Amino acid sequence: MTVQVGRYGVWRRASDLDGMLAKRIEDLGYGAIWIGGSPPADLAIVDELLAATDRIAIATGIVNMWNSPADEVARSYHRIASAHPDRFLLGVGIGHPEATAQYAKPFDTIVGYLDALDAADVPVEARVLAALGPKVLRVAAERTAGAHPYLTTPEHTREAREILGAGVLLAPEHKVVIDTDPERARELGRPAVRKPYLRLVNYRRNLMRLGFDEQQLDSAADEVVDAVVAHGDAAAVAARLREHIDAGADHVCAQLLVPAGADPVPGLTELARALGL
């Protein structure tokens, strides 16, 4: 890896990020900002966040292979890497059949996309792959710097590490709500996992591998929400994130859930303190 992401980062949708917030996140001590929501191939948001900060790594979580042609993404990568060496980590992924009309032969598409990035001289050590199941995790280990699983648990992290082996980046995302009232926390967390994630076959299949059943997923049962959304005070949330580290993760990116329109900085500040950043 040429990009140092630190132990903990922040995952946030591109539409909810700007330079000012990126600088606040950097000042709190987080090692990376992961840009969610399938940013377009021009990666203009990456330029904006890097220009506004001094040292924090910026990663995409993830660029969708169906929507963003590899040659365009490669050109964007080289532009960004030239201006900000060793600060940009290109995360790419296959997306979901429910969201992509042309979704077919996804494994072949992943391999072909990585081949195209190779041909365009995008370094293996500067890219990661969204991966959940064993087959794609192995590709992540063989063809990229590592894996960026989404909507997972520490149990999945442990299994993923066994598949990836040593020396490969494992950077799972985990949703968090800083609220000591479990019912209130679930009220915020449940919609964030139910729609669309619990309706998408890739996530459903992965959660069922981890022991949940169809009924639990269909109803977004408390046990499902509690597994993928850490909640409680900042210390309890930090302890849950550390479970990923103990299970073999190198880096965990926290997706802080707050009410619509609320400022995320207070919660990120509390969490940073609890994590010892």
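Residues numbered from 1 in each chain as written. Predicted model: local features only at pLDDT ≥ 70, side-chain atom pairs only at ≥ 80, totals over all residues. Heavy atoms only, no water.

A. Summary view of the pairing of strand 11 (residues 252–256). In terms of residue burial, strand 11 counts as a mostly covered element, since five of its five residues are buried. Across three bridges, the pairing between strand 1 (residues 8–13) and strand 11 is parallel. Within strand 11, the position partnered with Tyr 8 by the bridge is Val 252. Here strand 9 (residues 173–178) pairs with strand 11 via four bridges, running parallel. Across the sheet, the residue bridging to Glu 173 is Cys 253, located in strand 11. (Buried < 20%, exposed > 50% of the residue type's maximum accessible area, 1.4 Å probe, protein only. Helix = DSSP H or I, 4+ residues; strand = E, 2+ residues; numbered from the N terminus. Pairing = 2+ DSSP bridges.)

B. Broad picture of the environment of Leu 89. Along the chain, the position of Leu 89 falls in strand 5 (residues 88–93). Each C-alpha atom, one on Leu 89 and one on Ala 59, is 4.5 Å from the other, the two residues being 30 residues apart in sequence. Setting aside residues up to four positions removed in sequence, Leu 89 forms contacts with Met 1, Val 3, Val 5, Trp 34, Ile 58, Ala 59, Thr 60, Glu 125, Ala 126, Arg 127, Val 128 and Leu 169. (Contact = heavy atoms within 4.5 Å.)

C. Region of the structure containing the nonpolar core. With 62 residues, the main nonpolar core has Tyr 30, Val 46, Leu 90 and Leu 271 as its most contacted residues. Ignoring any residue separated from it by four or fewer positions in sequence, one finds Leu 271 in contact with Tyr 30, Val 176, Ile 178, Ala 234, Val 237, Ala 238, Leu 241 and Ala 254. Judged by nonpolar contacts, the second largest core, of 35 residues, contains Leu 198, Leu 207, Ala 227 and Cys 253. (Core = buried A, V, L, I, M, F, W, Y, C linked by side-chain atoms within 4.5 Å.)

D. Examining the pairing of strand 1 more closely. Most of strand 1 sits out of view: five of its six residues are buried. With five bridges connecting them, strand 1 and strand 2 (residues 32–36) associate as parallel partners. If you follow Trp 11 over to strand 2, its bridge partner there is Trp 34. The β-α-β motif built from strand 1, the intervening helix 1 (residues 19–27) and the parallel element strand 2 has right-handed crossover chirality. (Right-handed = clockwise from strand over helix to strand, strands pointing away.)

E. Fine view of the packing of aromatic side chains. One pass over the structure, following the stated rule, counts five aromatic pairs. Relative to Phe 88, the ring of Tyr 77 has its centre 6.0 Å away and its plane inclined at 35°; by these criteria the two rings are tilted. Placement of the pair is Tyr 77 in helix 3 (residues 70–83) and Phe 88 in strand 5, with a sequence separation of eleven residues. Accessibility expressed as a relative area gives 7% for Tyr 77, which makes it buried. (Phe/Tyr/Trp six-rings, centres within 6.5 Å; stacked < 30°, edge-to-face > 60°.)

F. Region of the structure containing helix 11 (residues 234–247). Over its 14 residues, helix 11 runs 20 Å from end to end, which matches the ideal 20 Å to within 8%, given 1.5 Å per residue. Among the residues trailing helix 11, Gly 248 stands out with phi positive, at a value near 125°. (Expected span 1.5 Å × (residues − 1).)

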